[in-house]
Amino acid sequence: MANFLNIAEKITKNQFIAEFPNDISFFLKREDLLHPEVSGNKFRKLKYNIAEALEQGHQNLLTFGGAYSNHIAATAAAGKIAGLNTIGVIRGEELGGNLTKTLAQNSTLKFADSCGMQFKFVTRSKYREKETASFLQELKEEFGTFYLVPEGGTNALAVKGCGEILTENDKEFDFIATSVGTGGTISGIINASGKNQKVLGFPALKGDFLSEEIKKFSSKNNWELILKYHFGGYAKVDAHLIEFINNFKEEYQIQLDPIYTGKLVFGIFDLIKAGYFPAGSKILGIHTGGLQGIAGMNSFLKKKNMHLITD
Ligand SMILES: *Cc1c(COP(=O)(O)O)cnc(C)c1O
C-alpha cells in the first residue's frame, strides 16, 4: 500500500525522441511506465484520493465510467492494491445482461473484474444523472457508504496529484504538451509550470467547456488549448491516426494509445511541421499512458475492416 502511494516519487524519465529543423527538439515524459496497471495520469489522479479515502476510514471506492475507460481499469487496480472494494457504475445497461459474455468481449471490464471490481450497469440516461443526490443516495442504499471518485477522476485532489508530473528538471522546457479529457491533468501541470513555460492542451474530444473546467482548478494563464486534433470526437479515429501510431511505434519503439496520446503526438508533430513553434524550442510531451484501451479499439477496428494498432 505505502509502496503504491510512493511510486510517484520515482521521477519518470524524459526520453529524447527527435530533433527537427530550426533546432526544435521533442521529448516524451514516460508516465506510461509509472505503474503496469495504474498507468500514467490515472495514478496521479488517484493517489491523493485513495489516501483521503483511507484516512476517512472508507472501505468502498465508487466511480463512474464507460466500458473501455482507462479510469475504470486504473481505479479497480488501485483499489485492489490499497485494500479498498471498488464499485464501477458503467454506462450501458445492455452490458449487464450477460456478464460472462461481456467480460469475454471486453478486456477493460475483464481486467477490472479480475481486480474484484463490482459493476452496476446503467442506461445512458441514468448515467447522465450520476451527479444527482438522488442517484447517489440510491447507490448508497445498494452498496453502503463509499468514497466517491468522479467520472474521469478529476477533483481537487486529482489536480494536486497531477501537479507532481512536473519536477525541477522540467524547467528547461519551453513547451509542455498534454492530452486533455476532463481537464484535471492539464490543470495540475499548469499549476506546477514555470511562468516562462507554455502549457499546450490537446483535447481528445470536441468540447468547448474544457477551458472553463481548467479555470476552476488553475488560475494561471500560460496555457492554450489546441482544438483541431480530436479526430472527430472522443474515441473517434481515422486511418491516418492509426498509421501514425504504428509508424511512431516502429520508429521510436514507444506505444501510443488511440484515444489520447496518439492524438497528442500527432498534433505536436503536425504543429512542428506547420511552423507553430519558434526556432530553438524544447518541447516536452506527456505520455499519460492509457495503453490498456488498445485492445478495445482493435476489436472495433477489426469490425470496420480497418488496419489494427500493432502492439
Ligand atoms: C484520462 C486520460 C487523459 C485525460 O486526462 P484528464 O485529466 O481527464 O484531462 C489523458 N491521457 C490518458 C492516457 C488518459 O487515460
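Residues numbered from 1 in each chain as written. Predicted model: local features only at pLDDT ≥ 70, side-chain atom pairs only at ≥ 80, totals over all residues. Heavy atoms only, no water.

**Overview of the side chain of N222**
Here is the rule we go by: Helix and strand definitions here come from DSSP, where helices need a minimum of 4 consecutive H or I residues and strands a minimum of 2 consecutive E residues; each element is numbered from the N-terminal end. Two N or O atoms count as a polar contact when they lie within 3.5 Å, although within protein this holds only if one can serve as hydrogen donor and the other as acceptor, and sequence-adjacent residues are included solely when both atoms are side-chain atoms. Every residue pair with non-hydrogen atoms within 4.5 Å of one another is taken to be in contact.
Mapping N222 onto the fold places it in the loop between α10 (210-217) and β9 (223-225). A polar atom in the side chain of N222 sits 2.9 Å from the side chain of S193. A polar side-chain atom of N222 sits 3.2 Å from the main-chain carbonyl oxygen of G194. In this structure, N222 is in contact with I190, S193, G194, K195, Q197, K198 and V199, ignoring residues within four places of it in sequence.

**Looking at the UniProt feature "active site" (unreviewed entry) in the chain**
Stated precisely, the cut-off is as follows: UniProt positions are given in the numbering used here, feature names are shortened, and annotations may be inferred rather than shown by experiment.
Within this numbering scheme, the UniProt entry marks S69 as carrying the feature "active site" (unreviewed entry). When you line up the elements, S69 lands in the loop between β3 (60-65) and α3 (70-82). The residues touching S69, leaving out its near neighbours within four places in the chain, are T108 and Q292. A distance of 3.0 Å separates a polar side-chain atom of S69 from the backbone nitrogen of H71.

**So, the domain arrangement of the chain**
Here is the rule: Segment limits for the domains were obtained from an automatic or database-derived domain assignment. Two parts placed together each lose some accessible area under a 1.4 Å probe, and the buried area is that loss summed for both. The salt bridge criterion pairs a side-chain nitrogen of Lys or Arg with a carboxyl oxygen of Asp or Glu, the two atoms within 4 Å.
Here the chain is described as being made up of domain 1 (2-36 + 157-303) and domain 2 (41-153). Counting the surface lost from both domain 1 and domain 2, the interface buries some 2,200 Å², and carbon and sulfur atoms represent 59% of this. For the interface between domain 1 and domain 2, the tally reads two salt bridges. A salt bridge links E31 to R44, with the nearest nitrogen and oxygen atoms 2.7 Å apart. At the surface where domain 1 touches domain 2, the tally comes to nine residue pairs in polar contact (both at pLDDT 80 or more).

**Considerations on the layout of surface pockets**
Put simply, the test is: Here the term cavity refers to a set of points on a 1 Å grid, laid over the protein atoms alone, in which a 1.4 Å probe fits but cannot get out; the term pocket refers to an open set having protein on both sides within 12 Å along at least five of seven lines, with lining residues being those that place an atom within 4 Å of a point. Grid points are joined across faces, edges and corners, and a volume is the space filled by probe spheres set on the points. Three categories are distinguished: nonpolar for Ala, Val, Leu, Ile, Met, Phe, Trp, Tyr, Cys and Pro, charged for Asp, Glu, Lys and Arg, and polar for the others, with Gly belonging to the last.
Space inside the largest pocket adds up to approximately 1,400 Å³. Lining of the largest pocket is provided by 50 residues; of these, G66, S69, R91, Y234 and Y260 occupy positions nearest its centre. Those elements that provide at least two residues to the lining of the largest pocket are α2 (40-55), β3, α3, α6 (124-128), β7 (175-180), α9 (184-192), α10 and α13 (294-303). Classifying every residue of the lining of the largest pocket gives 17 nonpolar, 22 polar and 11 charged.

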